[in-house]
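Chain by chain, the residues run as shown.
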Amino acid sequence: MIQLENLTKCYQQVTAVDNVSLRVNRGEIYGFLGPNGAGKTTTIKMLAGVLRPTSGRISIDGLDLRQHAVEVKRRVGFIPDRPFLYEKLTGLEFMTFIANIYGINGEHLDRRVQRLLELFELAEWGNELVGSFSHGMKQRLIMSSALLHGPRVFIVDEPMVGLDPKGARLIKRIFRELRRSEMTVFMSTHTLGIAEELCDRIGIIQKGKLVAEGTVAELKQAAGQEDPHLESVFLHLTGADAVSPEPLDFI
Amino acid sequence: MNVLTLLAPRWWALKNGFLFGGRRTLIKTTSLLAMAIGFWVGIYVIFYRVLSYFQAVQEFGDILAYKLLSMVFLTFFGLLIFSNVLVALSTFFLSQDLSTIHATPVSLGELFAARFVETLLESSWMVLLFGIPIFTAYGLTYRGSGLYYLSLLSVMIPYLVLAGSIGVTLTMLLVQIFPAQRTRDILFLLFILLGILLYFLFRFMRPERLVDPDAFTDVVIYFRALSAPSSAYLPSTWATESVWPFLRPSSTPGGFYQGFLWMTAGASVVVSAFVTFLVYPQSWSKSQEARRIVIGRLINRTPLAAVLGPRRGSQFTALMGKDFKTFFRDNSQWSQLLLIFALIVVYLYNYSVLPLERARMPTFYLQNLIAFLNMGLAGFVLASIGVRFIFPAVSAEGFSFWIMQTSPITLGRLLWSKFFFYLAPLLLLGQILAIASNELLQVAPLMRWLTPITIFWMVFGITALGIGMGAVFPNFKAENVAQVATGFGGLLYMILAMSFIVLIVVLEAGPVYTLFMAQVQQRSLSFVQWLYIGGCFFLGVVVNLAVVWLPMRYGIRKLADYEG
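The shown structure was predicted, so the numbers you read here are calculated from the model rather than taken from an experiment.

**A short note on the interface of chain A and chain B**
Interfaces are often sized by the accessible area lost when the parts come together. Taken together, the contacts link 39 residues of chain A with 38 residues of chain B. Roughly 3500 Å² is buried in total at the junction of chain A and chain B, and carbon and sulfur atoms are behind 57% of that figure. Broken down residue by residue, the surface that chain A buries against chain B is led by Tyr-86, Lys-88 and Ile-101 of chain A, which jointly contribute 18%. Where chain A touches chain B, the interface holds four salt bridges.

**Points about the packing of helix H4 (residues 109-119) of chain A against helix H5 (residues 135-148) of chain A**
Residue and element names in this part refer to chain A. It is the contact of H4 with H5, at a shortest axis distance of 9 Å, that shows an interaxial angle of 145°. For the pair H4 and H5, the sense of crossing is right-handed. When H4 is examined against H5, the residues Leu-109, Arg-112, Val-113, Leu-116 and Leu-117 are found in contact with a partner set consisting of Leu-141, Ser-144, Leu-147 and Leu-148. Taken together, the residues that form the contact of H4 with H5 break down as seven nonpolar, one polar and one charged.

**Considering the pairing of strand S4 (residues 55-60) of chain A**
Residue and element names in this part refer to chain A. One ladder, built from five bridges, connects strand S1 (residues 2-11) with S4; its direction is antiparallel. The partner of Leu-4 across the bridge, within S4, is Ile-58. Bridge analysis of S4 against strand S5 (residues 63-64) gives two bridges, and the strand direction is antiparallel. Looking at S5, one finds that Ile-60 is bridged to Leu-63. Hairpin connection, S4 to S5: the antiparallel pair is bridged by two residues, and Asp-61 has positive phi, about 55°.

**As for the sheet that holds strand S2 (residues 14-24) of chain A**
Adjacent strands of a sheet form backbone hydrogen bonds with each other and so pair up, either parallel or antiparallel. Residue and element names in this part refer to chain A. Sheet architecture is open: four strands sit in the order S2-S1-S4-S5, paired in antiparallel fashion. Taken across any chain shown, the strands that pair with only one partner, and hence form the sheet edges, are S2 and S5. By the bridge criterion, seven bridges tie S1 to S2 in an arrangement that is antiparallel. In the sheet register, Ile-2 faces S2, and the bridge partner there is Val-24. Strands S1, S2 and S4 of the sheet are contacted by helix H1 (residues 40-48), whose axis makes an angle of about 120° with S1.

**Examining the packing of helix H21 (residues 488-520) of chain B against helix H22 (residues 527-560) of chain B**
All names here are of chain B. At a closest axis distance of 9 Å, the pairing of H21 and H22 adopts a crossing angle of 165°. In terms of orientation, H21 and H22 fall into the roughly antiparallel class. Crossing angle aside, the handedness with which H21 passes H22 is left-handed. Seen from H21, the contacting residues are Phe-500, Leu-503, Ile-504, Leu-507, Glu-508, Gly-510, Pro-511, Thr-514 and Leu-515; seen from H22, they are Gln-529, Trp-530, Tyr-532, Ile-533, Cys-536, Phe-537, Leu-539, Gly-540, Val-543, Asn-544 and Val-547.

Cut-off values and rules
- Residues numbered from 1 in each chain as written.
- Chains lettered and ligands numbered in written order.
- Predicted model: local features only at pLDDT ≥ 70, side-chain atom pairs only at ≥ 80, totals over all residues.
- Heavy atoms only, no water.
- Contact = heavy atoms within 4.5 Å.
- Buried area = accessible area lost by both parts, 1.4 Å probe.
- Salt bridge = Lys/Arg side-chain N within 4 Å of Asp/Glu carboxyl O.
- Axes fitted to C-alpha atoms, helices over the stretch in contact; angles between N-to-C directions.
- Helix = DSSP H or I, 4+ residues; strand = E, 2+ residues; numbered from the N terminus.
- Left-handed = near helix turned anticlockwise from the far one by under 90°.
- Nonpolar A, V, L, I, M, F, W, Y, C, P; charged D, E, K, R; others polar.
- Pairing = 2+ DSSP bridges.
- Parallel < 35°, antiparallel > 145°, perpendicular 65-115°, else oblique.

Treat this as a map of the structure, not an account of what it does.
Written out as structure tokens, the structure is:
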């Protein structure tokens, strides 16, 4: 469903993503983990069509992103980590705008918009300017708009940022439902608990390179960690546990 | 100590902007500096010439120079207060770092001192910078000694502090009544309306009559009115009175007014601090409250619902609808339409008062010559509107540009939707300018057709150039869309747009002259002349098509490469 082949992105002298190849199958939730500055967001931005790769190939649903950008984007729902929206539109106007951009029509559109807004508890804010929304509300509006066109692939950068526990639980429910409906999710997260709970497979990126990939069990095995938590595996694989802990008594 | 610590981040940000900005910042800074120097020299030359002219006028020259200085100080004072209020709204209420600062053990006194200094510096530097050529022109024309420059320094410090204190105090009180963001919008609108009013007043006074000997009786009466003393309560009077004795012999001791300025400035800081201590904690808390702005519900109750409410449509109409709503819901955007309205009124008024009948050239020639130049001028007006509204159209997507990047929409469609969105109103405006000015000038039938047609096609080029160049130089991180036009890209757009307009006018000048002469001399044109006319017009069409096509294509390509 999603295939990255030798994906590389360079910014002047810095290689942010270095020859990354991976494959995500239909109906799979793929977690993309890595420390800060590892290249997660750059990879996700390339997948969403925001950035152009320096080299390599991205194909989604069998289509090459570079050659069929518009068609690929029609099949993808993207949720960025920071919810920048058109602040001068109302929630309802924003949803209608997205529907028009994705060419969604049909009799059931109004009902679908309403149901999505209700699902994300935004129905009563539909007529208010997005500029007056809180961070979490904007994040929820982006999610509802990303679901509007029924994408086959979801690309999500830090899905839980800015969400309260209720919102986070809703997202988990939605992701499970997406998997049940054979949709594919590619998400980056720092919340290892979420990754462990939701993801079928996990890829770990460090300094732009994919250093490990597999199911949680496979990663634990590869790391040879006795600790059953993903956190220890992650720290081990990214080399963060090798650093001797500084005494903290000075705090 | 904390005061300096609080001020340090601004200084570091400025320093880092230069250190890490790279070549682009260097080019930008250099071009802005060059522009500032050009402007500086321009102001100096204008004032030097005006003052030299005043000096040559017996009896009234000194009075005029004094009044002009007083007006300069008064204008500066008004601008300074307004600018201080706007900046204080940011530094005291809207700045993003305030949440962090309020959580630190910084006392209110320290915060006031730091933010006051910041407000003062940020709102005063420009007035100070543009004041220098004016004051230098005074010093050099009236051969002011070193004491003049010293007295100026001694006047400007309390003058700026006084305006700053008034600005900060006003801000504290205004935020008690309105939310901080709203206050900024209201003030901006008021400023625009005031500017328009002054512009109209000045223009409709017809200052050109001052050089008309027939109107001299009026001028003498005007001079008499001028020699009346200014209000003793205005700080601008104190500033003028402090400086003037060092330029011309005066009965008033400058030191008296200087003392007055220093004392009032000192007292105003105390009052400002007192008001801040009294109301700031409450105002700050109020400014943090969320605003619920209901738009749709209001619209849904009106017949406008069908037009402005959420509607299904194509990508094109969705994009244009979004731009329409974004534009008219942004007070800083739509309010500038008022400025355009004022510009057009005065533009047309100028044609209505042109004393063509007094010129030595035959009226027929002159009317048509001016009508021809009018094409260039109208083009300039349209390009000025283009740099303010069309050039920033792409940047207006702001941080939300990711929505366009990830949507199933080509950048070509995005840019062409913006092109058509701005084309329609600009076409209308161009036609109003062309037809109305020709009507006022009573030009020949040929010009009556040529001007609107030329401007009609020119608008396509001006619009495409604006959208295309805006895509080549996007600034999605600008806090205010209005800032986008003031950058390097905006300057380049103006240069290219003006070159395009001049080229079109030059291409038409030869053929029009040939046609006119044939008409005046009542002779028919030769085949070669027809070929020449056709060739020039054909070339004009080619240039126009190129100016529409090339910038749009280049803009689409550059925007696709945009990487934030």
